[in-house]
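Architecture at a glance
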Amino acid sequence: MAYIIKKKIINIADKLLLGIERKFLKKKWLAHHGIQRSGTNFLLASLNKHNLRVINRHNIERNKPGHKHFRWYEDKSLIPKEIFKQYGNDCHVFNIQQLNNACNFPSDTKHIVIYKEDSASLVSLLNWGLRMKWFSSKEEAVSSADRFLKDIREYHRFWISLSKTDPQNVKLIGYEHLVKDNTVLKQKLIDLAFNVEHAELTIDEVPQSPLSRRHVISFKDIEHLF
């Protein structure tokens, strides 16, 4: 109980600090993004280790612009019905300037997006959905796989498009690449004009999902989609 109270106090204090920094300090701001179960917590911890100020490091409502999982893509019918109440929205933008404005971010905010390979992302998301009671059974989860895959691909397609049209402000990083070689992140940040040349990071310093977590669904269950 004491640990929970302490954690809440630290979180409140950090939110107040973030507000002060945004208002009074001229800092370079960075936002992190990624679909659920794609390594966003891993990415955030890595960015914190580089002493970067991540403007959306605190969770807000998931259907509000600025949330790391926010569905920016245009066709909102692709948001799966199981999570539409959480993620449904009517906001769509066409460039980073519009996105920063919709999020109430400083106009020069940079963005980094982490992603997993589609198959790994889908397996992880469906297993997460089972734990979160999105589905009543494994069979229901597998039968929903095609809809969730469309959501994943559309989420990534939006950010890929922005990274191609505005590479100075948007970078994508593969989760599988990051866990193998942490210097990949350093180079992405340098490309975004952040001074992290002397930052050090080891992968065992950042949290990952427990290896013992049971996976009900495997790639074999959804391989027909690939």
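See the structure above.
No experiment lies behind these values; they were computed from the predicted model shown.

Calculation rules
Residues numbered from 1 in each chain as written. Predicted model: local features only at pLDDT ≥ 70, side-chain atom pairs only at ≥ 80, totals over all residues. Heavy atoms only, no water. Buried < 20%, exposed > 50% of the residue type's maximum accessible area, 1.4 Å probe, protein only. Helix = DSSP H or I, 4+ residues; strand = E, 2+ residues; numbered from the N terminus. Pairing = 2+ DSSP bridges. Salt bridge = Lys/Arg side-chain N within 4 Å of Asp/Glu carboxyl O.

Most of strand β3 (residues 170-174) sits out of view: five of its five residues are buried. Residues Val-170, Leu-172 and Gly-174 line one face of β3 and the alternating positions Lys-171 and Ile-173 line the opposite face, and both faces are buried. In the sheet, strand β2 (residues 110-115) pairs with β3 via five bridges, with the strands oriented parallel. Paired with Tyr-115 across the strands is Gly-174, a residue of β3.

This part is about the pattern of salt bridges. For the coordinates displayed, the defined rule picks out seven salt bridges. Linking Lys-150 and Asp-146 is a salt bridge whose minimum nitrogen-to-oxygen distance equals 3.5 Å. Separated by four residues within a single helix, Lys-150 and Asp-146 lie in helix α7 (residues 145-165), roughly one turn from each other. The exposure class of Lys-150 is partly exposed, given its relative accessible area of 44%. Close ionic contact of Arg-157 with Glu-154 constitutes a salt bridge, the shortest N to O distance being 2.3 Å. Of this pair, Arg-157 and Glu-154 both sit in helix α7, three residues apart, roughly one helical turn. You can call Arg-157 partly exposed: its relative accessible area is 47%.

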